[in-house]
Structure formats: C-alpha cells, structure tokens
Amino acid sequence: MVRKVMRWGESGVGCEFYDWAKNDPSMYRFWFDDREAYRESQIEKGLWSDQDEADYITDCIRRSPETYRGWWQLKDIPGGCDPLDWFNPCIHHEELFDPNMPISEVEKALQEQTFDDWKQSDVYEIEYHDRESIEDAIAYLRRRYRSTTMAT
C-alpha cells in the first residue's frame, strides 16, 4: 500500500544511508559520550538497575562506534518533508543502521514502518481494513455505484 500511495519508483522517493559519523562527526561522538554520561548519572543517583545495565551492555555491543555509523532513511519525500520528521517519534521503529543492508530489504522495511506509523497515527486520509471490512467497503461502493448509475 505504501508503495502505491507514495508512488514509489515514480515520484523519486527512495532510500539513502545517512553517514552520521562522516556528515556530523561532533554530534556523532557526542551521542556516544552522552549515552555513557547518562548511565553514570543514573548510577550515581541510585536509579540504575541490573536490567538497565544488561540493556546498556546489549546496546553498546549492538551500537558501537564501529557498527553504528549512521542509518537508512527515506529521501525525496513528497512535500519536502525532512526524513527525520517522517516517522512519529512516539512510535518505536527499528533503526536500520547496517550500511551493507540490501536496498530491497531497506525499502521493504521503511515501507512497512511507514505503514505501521500511519496505522498507529491519526492520519484521517487513510483507512485501514481487514479482510471483512474491505469486503464490506467494496460491497457498499458497488451498491452506491449501481444506485447512482440507475438514477441517471
């Protein structure tokens, strides 16, 4: 659905890897320093649990300076939307940060994330259906079409 709505492949919407380490090295380094400073601050306040530490260690392994250099994002979004503003910040989406990920997988993942984001947001222009509700909608439209063509 997202592919059709965004006219993927026709409108110029695509994907690109944003190399954060290269394009904004000071903020890139700050992110790692801030992650560590937050941990230390929480430990000092006595607010750091064993689970927090386990999550921190897992995240450090997953997103190290060697493995976490940037992320995949949409480019050329309609209306000039900034890729960082595309997704609702209140909805969690898996960050795609492997620069070697095949573009077909990146496109599929970003399209699925867009669909999930739209579904969870209050986007009134788009309706979501399951099999039963789409069949009901089609039947309604067919009845409506027949009644308007019969009236003319």
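Numbering of residues starts from 1 in each chain and follows the order in which that chain's sequence is written. Residues qualify for local features only when their pLDDT is at least 70, as the model is predicted, and side-chain atom pairs are given and counted only at 80 or more; totals for whole chains, interfaces and linings, by contrast, use all residues. The basis for every side-chain value is the complete set of heavy atoms in the structure, and neither hydrogens nor water enter the calculation.

### Overview of the overall build of the protein chain
For step 1, the next point in the chain: Numbering of helices and strands runs from the N terminus; a helix is a DSSP stretch of H or I covering at least four residues, while a strand is a stretch of E covering at least two. Per the secondary structure count, the protein chain includes six helices and two strands.
For step 2, the next point in the chain: Taken from N to C terminus, the helices and strands of the protein chain fall in the order α-β-α-α-α-β-α-α.
For step 3, the next point in the chain: In terms of C-alpha radius of gyration, the protein chain reaches 22 Å, well past the compact-globule figure of 15 Å for 152 residues.
For step 4, the next point in the chain: Oriented by its inertia axes, the alpha-carbon framework of the protein chain measures out at about 75 × 35 × 25 Å.
For step 5, the next point in the chain: Relative accessibility decides the category of a residue: with a 1.4 Å probe and only protein chains considered, values under 20% of the type maximum give buried, values over 50% give exposed, and everything between is partly exposed. Buried positions account for 28% of the 152 residues belonging to the protein chain.
For step 6, the next point in the chain: Whether two residues are in contact is decided by their heavy atoms, any of which lying within 4.5 Å being enough. Taking all contacts inside the protein chain whose residues are at least 6 apart in sequence as the whole, residues at least 24 apart take part in 74%.
For step 7, the next point in the chain: The accessible surface values rely on the Shrake-Rupley method and a 1.4 Å probe; as for residues, cover is taken only from the protein chains in view. Carbon and sulfur atoms make up 51% of the accessible area of the protein chain, which totals about 11,100 Å².
For step 8, the next point in the chain: For this count, His and the chain ends are skipped, Lys and Arg are scored as positive, and Asp and Glu as negative. To locate a charge, take atom NZ for lysine, CZ for arginine, CG for aspartate or CD for glutamate. The protein chain carries 19 positive and 33 negative side-chain charges, and their two centres are separated by 9 Å. Radius of gyration: C-alpha atoms only; globule rule: 2.2 Å multiplied by the number of residues to the exponent 0.38.

### Concerning the confidence of the model for the protein chain
For step 1, the next point in the chain: What pLDDT expresses is the predictor's confidence in each residue, scored from 0 to 100. Per-residue pLDDT for the protein chain averages 88, and the proportion of residues at 70 or more is 91%.
For step 2, the next point in the chain: Taking the mean pLDDT of every element in the protein chain, the minimum, 69, falls on helix H1 (residues 2-5) and the maximum, 98, on helix H3 (residues 25-44).

### Considering the layout of surface pockets
Using a probe with the size of a water molecule, rolled over the atoms, empty space left in the structure can be pinpointed.
For step 1, the next point in the chain: One number sums up the size of the largest pocket: a volume of about 450 Å³.
For step 2, the next point in the chain: Residues are called lining when one of their atoms sits within 4 Å of a cavity or pocket point, these points coming from a 1 Å grid over the protein atoms alone, where a cavity is a set in which a 1.4 Å probe fits but cannot get out and a pocket is an open set with protein on both sides within 12 Å along at least five of seven lines. Every residue lining the largest pocket is counted, 18 residues in all, and those nearest its centre are Trp71, Pro83, Leu84, Phe87 and Glu95.
For step 3, the next point in the chain: Taken together, the elements giving at least two residues each to the lining of the largest pocket come down to strand S2 (71-75) and helix H5 (103-120).
For step 4, the next point in the chain: All residues other than Ala, Val, Leu, Ile, Met, Phe, Trp, Tyr, Cys, Pro, Asp, Glu, Lys and Arg, Gly among them, are scored as polar; the first ten of these are nonpolar and the last four charged. Of the residues belonging to the lining of the largest pocket, the class tally is 11 nonpolar, five polar and two charged. Grid points are joined across faces, edges and corners, and a volume is the space filled by probe spheres set on the points.

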